[in-house]
2 protein chains.
Amino acid sequence: MKDRKHSRKREAILDVLRSTKTHPSAEWVYAQLKPSYPDLSLGTVYRNLSLFREDGQIICVGTVNGQERFDANTKPHAHFICDRCGEVIDMEGRLCFDPGDAASGFFAGSIDYCEVTFHGKCLKCME
Amino acid sequence: MKDRKHSRKREAILDVLRSTKTHPSAEWVYAQLKPSYPDLSLGTVYRNLSLFREDGQIICVGTVNGQERFDANTKPHAHFICDRCGEVIDMEGRLCFDPGDAASGFFAGSIDYCEVTFHGKCLKCME
DNA sequence: ATAAAAACAGTAATAATTCTTATTATTGTT
DNA sequence: AACAATAATAAGAATTATTACTGTTTTTAT
Ligand SMILES: [Mn+2]
Ligand SMILES: [Mn+2]
Ligand SMILES: [Zn+2]
Ligand SMILES: [Zn+2]
């Protein structure tokens, strides 16, 4: 991980991501921090999220309603996206696939990781 | 499937999608058809892709460089996305998961389908 | 053919993200 | 503590994929 100058805002952004299981969007992170950091800029959130992703500290878990959603849990795990309300939920269980295992033998490129995403309706949206 | 008036442009759009394995973007479909349909409008491509998706005739396979990619093969199958050149490749093999099987028992919502996407470098991009 | 409905082209609008630039914060050094 | 070097930031402009609007054309049923 490239070493960077310390920044309290960057730290706060990562803290927000680490303290939630909601797989937030950039906008949501911004809204969370704005009260405590009145001079926070949305661009700063986007920029730092990009840096975190480059450095492997967070991952993207998909796009919901045109907005990218992020996750500070970088351990491979599957997600469920509710196509009605847009919630992104962690799927526990043994749904993790070892990319190497899964595709070795019949794919010639190099596989870095594998995304597994279920779609449907969450419990709340089923009434 | 809701029944719609016939339209040669709509038909052509679906034909393009069905005749390629490249998982194209809206823009690409438009570029393919523009020579034969000089008055084709990009909005028409977007609108019809949406209709096809609503009707279940095509699926979205992910976003590459900010552009949604489509697939006329609606049978569940996994994909590989090259994070360098953006190619989207079908993954053959038995990588299909029965949503019901995969998550029954430990998830309470209703699962419609499951997306499996590998990321890495394609053969061409590895030199 | 006529008329109603649906689809269209062309264009404007929207909205997420990125880029630019002048300013400020951080870190190490005198 | 003041300084210099550089990274990080705010603010807003720019970019760009997608959608909405409006007047016109095509389709299809009568
Ligand atoms: Mn997660
Ligand atoms: Mn495919
Ligand atoms: Zn829901
Ligand atoms: Zn490639």
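Residues numbered from 1 in each chain as written. Chains lettered and ligands numbered in written order. Predicted model: local features only at pLDDT ≥ 70, side-chain atom pairs only at ≥ 80, totals over all residues. Heavy atoms only, no water.

Side note on the overall build of chain A
Short version of the rule: Here a strand is any run of E in DSSP of at least two residues, a helix any run of H or I of at least four, and the numbering for each starts at the N terminus. Exposed residues in this analysis have more than 50% of their type's maximum accessible area, buried residues have under 20%, and partly exposed residues fall in between, with area computed by a 1.4 Å probe over protein chains only.
When helices and strands are tallied, chain A shows four helices and five strands. Moving toward the C terminus, one meets the helices and strands of chain A in the order α-α-α-β-β-β-β-α-β. In chain A, which comprises 127 residues, the proportion classed as buried is 44%.

Here we look at the protein's contact with DNA strand C
This is how the line gets drawn: Proximity is defined per residue: any heavy atom of the residue falling within 4 Å of a molecule or strand makes that residue near it. Any N or O atom pair separated by 3.5 Å or less is treated as a polar contact, with the protein-specific requirement of one donor-capable and one acceptor-capable atom, and with residues adjacent in sequence counted only for side-chain atom pairs. Note on residue classes: Ala, Val, Leu, Ile, Met, Phe, Trp, Tyr, Cys and Pro are nonpolar, Asp, Glu, Lys and Arg are charged, and everything else, Gly too, is polar.
Around DNA strand C, the structure places 17 residues, and the nearest of them are A:His6, A:Tyr46, B:Lys5, B:Ser7 and B:Thr44. Take A:Glu68: an N or O atom from its main chain is 3.0 Å from a phosphate oxygen of DNA strand C. Contact distances for DNA strand C include 2.6 Å between a phosphate oxygen and a backbone N or O atom of B:Asp39. Listing elements by their share of the surface near DNA strand C, those giving two or more residues are strand E2 (67-71) of chain A together with helix H1 (8-18) and helix H3 (42-55) of chain B. The biggest single contributor to the surface near DNA strand C is H3(B), with three residues. Partitioned by chemical class, the residues of the surface near DNA strand C number two nonpolar, seven polar and eight charged.

Re the coordination of the zinc ion (ligand 3)
All names here are of chain A. Operational definition: We call an atom a donor if it is N, O or S and sits within 2.8 Å of the metal, or 3.2 Å for Na, K and Ca. Water is not counted, so some sites may look partial. Sites are called tetrahedral only when four donors show all angles between 85 and 135 degrees, square planar or octahedral only when four or six donors show opposite pairs over 155 degrees and all other angles between 65 and 115, and irregular in any remaining case.
The zinc ion (ligand 3) binds to the protein through Cys82 (SG), Cys85 (SG), Cys122 (SG) and Cys125 (SG), with metal-donor distances spanning 2.3 to 2.4 Å. One can describe the donor arrangement at the zinc ion (ligand 3) as tetrahedral, given that its four donor atoms subtend angles of 105 to 114° at the metal. Along the chain, the residues donating to the zinc ion (ligand 3) are arranged with the sequence spacing C-x2-C-x36-C-x2-C. One end of the pair, Cys82, is in strand E3 (residues 78-82); the other, Cys125, is in the segment after strand E5 (110-121), and 43 residues separate them in sequence. Each member of the pair, Cys82 as well as Cys125, is classed as buried.

Observations regarding the protein's contact with DNA strand D
Residues in contact with DNA strand D amount to 17 residues; listed here are only the nearest, A:Ser7, A:Arg10, A:Asp39, A:Thr44 and B:Tyr46. Within 4 Å of the protein, the contacting atoms of DNA strand D are drawn from sugar and phosphate to the extent of 83%. In the environment of DNA strand D, a phosphate oxygen lies 2.8 Å from a nitrogen or oxygen atom belonging to the side chain of A:Arg47. Contacts to DNA strand D include B:His6, whose backbone N or O atom sits 2.9 Å from a phosphate oxygen. Mapped by element, the contributors of at least two residues to the surface near DNA strand D are helix H1 (8-18) and helix H3 (42-54) of chain A together with strand E2 (67-71) of chain B. Of all the elements, H3(A) adds the most residues to the surface near DNA strand D, at three residues. Tallied by class, the residues present in the surface near DNA strand D amount to two nonpolar, seven polar and eight charged.

Overview of the pairing of strand E1 (residues 59-64) of chain A
Residues and elements named next belong to chain A. Selection rule: Here, a strand pair is defined by DSSP locating no fewer than two bridges between the strands.
Of the pairings in the sheet, the one linking E1 to E2 comprises five bridges and is antiparallel in character. Within E2, the position partnered with Gly62 by the bridge is Arg69. A loop of two residues connects E1 with E2, the two strands running antiparallel in sequence, and Asn65 in this loop sits at a positive phi of about 55°.

Comments concerning the sheet that holds strand E3 (residues 78-82) of chain B
Selection criterion: Convention adopted: a line fitted to C-alpha atoms gives each axis, helices being fitted over their contacting stretch, and angles between N-to-C directions are expressed from 0 to 180 degrees.
Reading across the sheet, the six strands line up as E4(A)-E3(A)-E5(A)-E5(B)-E3(B)-E4(B) and stay open at both edges, with mixed pairing between neighbours. The open sheet has two edge strands, strand E4 (88-91) of chain A together with strand E4 (88-91) of chain B, and neither has a second partner. When strand polarity is set aside, the average angle formed by the axes of neighbouring strands in this sheet is 30°. Two elements, E3(A) and E5(A), share four bridges in a ladder whose sense is parallel. When the sheet's bridge partners are listed, A:Cys82 is paired in E5(A) with A:Gly120.

So, H1(B)
The following threshold applies: Contacts are residue-level and defined by heavy atoms, with any inter-residue pair within 4.5 Å sufficient.
Among all positions of H1(B), only B:Arg10, B:Ala12, B:Ile13, B:Leu14, B:Val16 and B:Leu17 are buried. In this structure, the buried side of H1(B) is in contact with helix H2 (26-33), H3 and E2 of chain B.

Quick notes on the environment of A:Ile89
Position of A:Ile89 among the secondary structure elements: in strand E4. Taking the C-alpha atoms as reference, A:Ile89 lies 14 Å from A:Leu17; in sequence the two are 72 residues apart. When residues no more than four places from it in sequence are discounted, the contact partners of A:Ile89 are A:His23, A:Ala78, A:His79, A:Phe80, A:Cys122 and B:Phe107.

Side note on the nonpolar core
For clarity, the cut-off: Each nonpolar core is a collection of buried residues, namely Ala, Val, Leu, Ile, Met, Phe, Trp, Tyr and Cys, held together in the definition by side-chain atoms within 4.5 Å.
Grouped together as the largest cluster of nonpolar side chains are 20 residues, with contacts concentrated most on A:Phe80, A:Phe118, B:Phe80 and B:Phe118. Contributing elements (two or more residues each) for this core: E3 and E5 of chain A together with E3 and strand E5 (110-121) of chain B. Ranked by size, the runner-up nonpolar core spans 17 residues in total, among them A:Leu17, A:Ala26, A:Leu40 and A:Phe70.

Quick notes on the packing of aromatic side chains
The cut-off we apply is this: Note on aromatic contacts: the rings of Phe and Tyr and the six-membered ring of Trp form a pair at centre separations within 6.5 Å, being stacked when their planes are under 30 degrees apart, edge-to-face when over 60 apart, and tilted otherwise.
Under the definition given, this model contains two aromatic pairs over all chains. For the ring pair A:Phe107 and B:Phe80, a centre distance of 4.3 Å and an interplane angle of 45° mean the geometry is tilted. Placement of A:Phe107 in the loop between helix H4 (99-103) and E5 and of B:Phe80 in strand E3 is noted, with the two residues assigned to different chains. Its relative accessible area of 18% is what places A:Phe107 among the buried residues.

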